[in-house]
Structure formats: C-alpha cells, structure tokens
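In case you want the letters, here they are:
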Amino acid sequence: VQLQASGGGLVQAGGSLRLSCAASGRTFSSYVVGWFRQAPGKEREFVAGISGSGSSTYYGDSVKGRFTISRDNAKNTVNLQMISLKPEDTAVYYCAAVGTIWVPTTPVRYDHWGQGTLVTVSS
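The rules behind the values
- Residues numbered from 1 in each chain as written.
- Predicted model: local features only at pLDDT ≥ 70, side-chain atom pairs only at ≥ 80, totals over all residues.
- Heavy atoms only, no water.
- Buried < 20%, exposed > 50% of the residue type's maximum accessible area, 1.4 Å probe, protein only.
- Helix = DSSP H or I, 4+ residues; strand = E, 2+ residues; numbered from the N terminus.
- Pairing = 2+ DSSP bridges.
- Disulfide = S-S within 2.5 Å.
- Phe/Tyr/Trp six-rings, centres within 6.5 Å; stacked < 30°, edge-to-face > 60°.
- Lys NZ or Arg CZ within 6 Å of the ring centre and 35° of its normal.

Topic: the pairing of strand S1 (residues 3-6)
Inference 1: The alternating pattern of S1 places Leu3 and Ala5 on a buried face, while none of Gln4 and Ser6, on the opposite face, is buried.
Inference 2: Taken together, the 4 bridges between S1 and strand S3 (residues 17-23) define a ladder with antiparallel strand orientation. The partner of Gln4 across the bridge, within S3, is Ala22.

Okay, structure coming up:
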C-alpha cells in the first residue's frame, strides 16, 4: 500500500486542521493506520491509530480529547481532525500502515509510510 499525507499548514494556537492520508490498494481495510509526528530534535511520536474496520481507535496522551482519527475505507482515506492546537503540536506528521489486527504505537511496527506533512502552530 502506498500512502500520501496532506493537509498540513500554519495555524494559530487554538485553531484546527484536518490531515488526510490517502492510500492506494484494494485491501486498505485490512491495514491498521497510524499517525505519527516528529518535531526537530525529537523522536517520532505516536499520535493516533485506527483499526482496519475503524471500530478501534487509540491516541497518544498528549492529544487525547483534541484529536480524532477516522477512516473511510470506501475512499481509502484516513483523517486526523485536530482541534485546540498548541505550539507544541508543531511537527512533521506522517501516516503509516501495517497489515495487522492490533494497533501498534511504535514506529518500527509499521511497514508503509507516507511522506510527511508539516503542521506549524504559532503562539
């Protein structure tokens, strides 16, 4: 599966953005999709993940209550709705996929990665 992330940009603190991850392939619903982010000088961090069916979602502690992950398997897309953005949310955001049932939270577990999309939150 090939992934392409989009939707990043510059937003003021308190604002919102929606990131999208578009995937190719006929078996998209069999892939778990995760969003990760990486700020300069920091390790890649798990943001959110969603099971293939969309019935299970998981979030990193720093984004719980502010970010929502969802997927539309008919359109081969996964979205990340981000609200109440903070300057510390500034990072390059990546979507990733792996053909498994459970949702991993570590980057090494994912086989397929999209290019990143930059999110900048100004104070």
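Concerning the pairing of S3
Inference 1: Within S3, 5 of the 7 residues are buried, which leaves the element mostly enclosed by the surrounding structure.
Inference 2: Where S3 and strand S8 (residues 77-82) come together, 6 bridges link them in antiparallel fashion. The partner of Ala22 across the bridge, within S8, is Thr77.

Some words on the state of the cysteines
Inference 1: Throughout the structure, instances matching the rule amount to 1 disulfide.
Inference 2: Note that Cys21 is cross-linked by a disulfide to Cys95, the S-S spacing being 2.2 Å. Taking the sign of the S-S torsion, about 70° here, the bridge from Cys21 to Cys95 comes out right-handed. Here Cys21, found in strand S3, pairs with Cys95, found in strand S9 (residues 91-98); they are 74 residues apart in sequence, far enough to count as distant.

Things to note about the packing of aromatic side chains
Inference 1: This model, assessed by the stated rule, comprises 5 aromatic pairs.
Inference 2: Taken together, a centroid distance of 5.2 Å and an interplanar angle of 80° make the contact between Phe36 and Tyr110 edge-to-face. Of this pair, Phe36 sits in strand S4 (residues 32-38) while Tyr110 is found in the loop between S9 and strand S10 (112-113), placing the two residues 74 residues apart along the sequence. Across the pair, exposure class does not vary: Phe36 and Tyr110 are buried alike.
Inference 3: Here Tyr110 and Trp113 contribute two aromatic rings whose centre-to-centre distance is 6.2 Å and whose plane-to-plane angle is 65°, an arrangement assigned as edge-to-face.
Inference 4: Through successive ring pairs, a cluster of aromatic residues spans Phe36, Phe46, Tyr94, Tyr110 and Trp113.
Inference 5: Above the face of the Tyr94 ring, Arg44 is positioned so that its terminal group lies 3.9 Å from the ring centre.
Inference 6: The ring of Phe28 has Arg71 sitting right over it, with the charged end atom 4.4 Å from the ring centre.

Just geometry here; none of it tells us what the structure is for.
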